[in-house]
Amino acid sequence: MSTMMERYGTAMIKAFGTPQRVLVRGEGPYVWDAEGTRYLDLLGGIAVNALGHCHPRLVAAIAEQAATLMHVSNLFTTPQQIELAERLDALVGGGRHARTFLTNSGSEANEAALKITRLTGRHKIIAMEGSFHGRTLGALSLTATAKYRLPFEPLPAGVTWVPYGDADALAAALDDETAAVILEPIQGENGVVEPPAGYLQFAREQCDAHGALLWFDEVQTGMGRTGAWLESAAQGVQGDLVTFAKGLGGGFPIGACVAVGQAADLIQPGQHGTTFGGNPLASHAALTVLDIIESEGLLLHAERTGAWLASSIEAVGLPQIDHVRGRGLLRGVVLTEPISADIARRALERGFIVNAPRPDVLRLAPPLIVTTDDLQPFIDALPDLVA
Ligand SMILES: *Cc1c(COP(=O)(O)O)cnc(C)c1O
């Protein structure tokens with residue numbers, strides 16, 4: 001009988017390269033592979049498993065909703081969908097008029113937002129160097145990485161990239177034909193890159209001056225990951241469009257595009273749609289995630305645990321580690337040499353899942369429920385992992 005990896009290699013479209021392990025089970029911040037080896041999940045399914053694996057309240061909520069009503073199409077609505085939209089509108093709008101479109105992924109949330117920007121009558125978009133916004137053609141047209149985009153051109157036109165965090169470059173690129181500026185409040189896939197203080201506020205002022213929409217892609221940063229519901233709001237700025245996904249469903253696929261103010265009313269009936277988006281099962285999962293983040297105090301916990309994690313890593317004092325950046329439990333370990341892939345491989349062999357978004361940066365995005373006790377063995381192992 002062929003191995004799982006051989007079967008994977010034969011059966012799957014070759015989009016992802018060779019998977020590192022076959023995983024079969026999870027509990028809290030841990031997962032187990034088919035051989036029975038346990039791993040501390042410091043990546044959380046790439047910032048998705050906000051509540052860790054198999055959180056009992058989320059499992060029960062999904063089971064209960066699945067046994068009640070799973071899908072109805074968007075020709076109908078459900079209490080779960082309405083309540084989730086109201087919650088997201090309140091979180092993002094902060095008292096201002098806001099509306100939500102529910103999707104199944106981050107890319108689809110960005111597709112919805114991109115279509116909304118077109119309805120301004122303008123089509124120029126300013127995006128950031130180093131950005132990642134997804135793999136569907138619209139979301140891809142905004143993503144900076146050339147090797148992701150080039151094989152799939154022609155893509156929707158009109159996108160200009162400016163250096164992330166460079167206020168002068170942003171001001172120079174914006175004009176009265178700009179429909180929107182899209183940016184991540186912290187760039188996740190680029191290696192957890194933070195903008196300089198005041199940059200988001202500057203982008204807000206520039207957008208206002210030119211009548212452009214400010215669009216925050218919070219697919220990775222949002223929903224508690226950085227210790228706040230929205231990293232943009234934590235930096236004191238409100239977007240006109242905000243997109244979410246990853247952590248929102250705690251592992252259940254769901255995304256959202258929230259539009260504020262005039263942007264909320266641009267889409268008219270028939271102009272956009274989705275079959276699965278916002279079904280009662282996904283909506284109930286997301287509502288439960290929001291409830292648990294609130295009732296378990298996970299925003300503050302993520303902020304504190306993330307600060308402990310960053311300072312503990314730096315305190316080991318390894319010459320290969322320059323510093324740790326990011327906020328809450330979205331962290332980039334900046335290395336002095338391009339050895340992140342080697343470290344990630346050794347970490348896996350030692351029972352730690354981390355990833356290497358750049359040759360000289362490790363990314364850590366553990367579940368928001370992770371404790372310092374869970375993390376201590378990783379700190380202890382660091383000298384061996386980087387050596
Ligand atoms: C992951 C990610 C996306 C894409 O989300 P998918 O669910 O993979 O489509 C978009 N934007 C950001 C910032 C992301 O991190």
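Computed from a prediction, not measured in an experiment: that's the story for all the values here.

**Remarks on the overall build of the protein**
From N to C terminus, the protein includes 14 helices and 15 strands. Here the C-alpha atoms of the protein give a radius of gyration of 21 Å, agreeing with the 21 Å that 2.2 N^0.38 yields for 387 residues. The dimensions of the protein, computed from C-alpha atoms along their principal axes, are 55 × 55 × 45 Å. Buried positions account for 53% of the 387 residues belonging to the protein. For the protein, the proportion of contacts with a sequence separation of at least 24, taken over those separated by at least 6, is 72%. Summed over all atoms, the accessible surface of the protein reaches about 16,800 Å², with 55% contributed by carbon and sulfur.

**Details of the domain arrangement of the protein**
Assigned domains of the protein: these are domain 1 (4–54 + 297–386) and domain 2 (69–295). For domain 1 versus domain 2, the distance between C-alpha centres works out to 26 Å. Opposite the 27 residues of domain 1 that make contact, domain 2 presents 28 residues. Surface buried jointly by domain 1 and domain 2 totals about 2,300 Å² across both partners, of which 58% is contributed by carbon and sulfur atoms. Contact with domain 2 buries surface across domain 1, with Leu299, Arg327 and Leu330 losing the most and accounting together for 29% of the total. Connecting domain 1 to domain 2 are 2 salt bridges. We note a salt bridge from arginine 327 to glutamate 231, for which the minimum N-O separation is 3.4 Å. Run the count over domain 1 and domain 2 and you get 14 residue pairs in polar contact (both at pLDDT 80 or more). Of all the secondary-structure elements, those providing two or more residues to the side of domain 1 that touches domain 2 are helix H2 (44–47), helix H12 (298–315), strand S11 (321–327), strand S12 (330–335), strand S14 (355–358) and strand S15 (361–364). The element best represented in the side of domain 1 that touches domain 2 is H12, accounting for 4 residues. Across the side of domain 1 that touches domain 2, the residue classes tally to 16 nonpolar, 5 polar and 6 charged.

**Digging into the packing of H12 against helix H14 (residues 372–386)**
Running from N to C, H12 and H14 point in directions that differ by 15 degrees, and their axes come no closer than 10 Å. In this view, H12 runs roughly parallel relative to H14, as classed from their interaxial angle. Crossing geometry of H12 relative to H14 is assigned as right-handed. In this structure, H12 uses Thr305, Trp308, Leu309, Ser312 and Ile313 to contact H14, whose residues at the interface are Thr372, Leu375, Gln376, Phe378, Ile379 and Leu382. Of the residues contributing to the contact of H12 with H14, the split by class is 7 nonpolar, 4 polar and no charged.

**Some details on the UniProt feature "binding site: N(2)-acetyl-L-ornithine" (unreviewed entry) in the protein**
When the UniProt feature table is mapped onto this chain, "binding site: N(2)-acetyl-L-ornithine" (unreviewed entry) is found at Arg135 and Thr274. Within the secondary structure, arginine 135 is located in the loop between strand S5 (124–128) and helix H6 (137–142). Those residues within four positions of arginine 135 in sequence are excluded, and the remaining contacts are Ser107, Leu140 and Tyr148. Assignment of secondary structure puts threonine 274 in the loop between strand S10 (255–260) and helix H11 (280–295). Contacts of threonine 274, omitting those with residues within four sequence positions, involve Asn74, Phe101, Leu102 and Asn104. Polar contacts involving the side chain of threonine 274 include one to the main-chain amide nitrogen of phenylalanine 276, which spans 3.5 Å.

**Looking at helix H13 (residues 340–349)**
Among all positions of H13, only Ser340, Ile343, Ala344, Ala347 and Leu348 are buried. Buried positions in H13, seen along its axis, are confined to an arc of 135 degrees and lie on one side of it. For H13, the exposed residues lying more than 90 degrees away from the buried face are Ala341 and Glu349. Buried residues along H13 sit in contact with strand S3 (38–41), S12, strand S13 (352–353), S14, S15 and H14.

**Some details on the UniProt feature "binding site: pyridoxal 5'-phosphate" (unreviewed entry) in the protein**
The positions that UniProt labels "binding site: pyridoxal 5'-phosphate" (unreviewed entry) are, in the present scheme, Phe132, Asp217, Glu218, Val219, Gln220 and Thr275. Over a stretch of 144 residues, the named residues are scattered through the fold, their C-alpha atoms separated by up to 25.2 Å. With respect to the helices and strands, the residue aspartate 217 is situated in strand S8 (residues 213–217). Looking at aspartate 217, its side chain comes within polar contact range of the side chain of asparagine 110, at 3.0 Å. On the secondary structure map, valine 219 appears in the loop between S8 and helix H10 (231–234). Residues contacting valine 219, with those up to four places away along its chain left out, are Gly106, Thr243, Phe244, Ala245, Lys246 and Gly247.

Criteria and thresholds
- Residues numbered from 1 in each chain as written.
- Predicted model: local features only at pLDDT ≥ 70, side-chain atom pairs only at ≥ 80, totals over all residues.
- Heavy atoms only, no water.
- Helix = DSSP H or I, 4+ residues; strand = E, 2+ residues; numbered from the N terminus.
- Rg over C-alpha atoms; globule rule 2.2 N^0.38 Å.
- Buried < 20%, exposed > 50% of the residue type's maximum accessible area, 1.4 Å probe, protein only.
- Contact = heavy atoms within 4.5 Å.
- Areas by Shrake-Rupley, 256 points an atom, 1.4 Å probe, with all protein chains shown as cover.
- Domains from an automatic or database assignment.
- Buried area = accessible area lost by both parts, 1.4 Å probe.
- Salt bridge = Lys/Arg side-chain N within 4 Å of Asp/Glu carboxyl O.
- Polar contact = N/O pair within 3.5 Å; in protein donor to acceptor, adjacent residues only side chain to side chain.
- Nonpolar A, V, L, I, M, F, W, Y, C, P; charged D, E, K, R; others polar.
- Axes fitted to C-alpha atoms, helices over the stretch in contact; angles between N-to-C directions.
- Parallel < 35°, antiparallel > 145°, perpendicular 65-115°, else oblique.
- Left-handed = near helix turned anticlockwise from the far one by under 90°.
- UniProt positions renumbered as here; feature names shortened; annotations may be inferred.
- Arc of directions from axis to C-beta.

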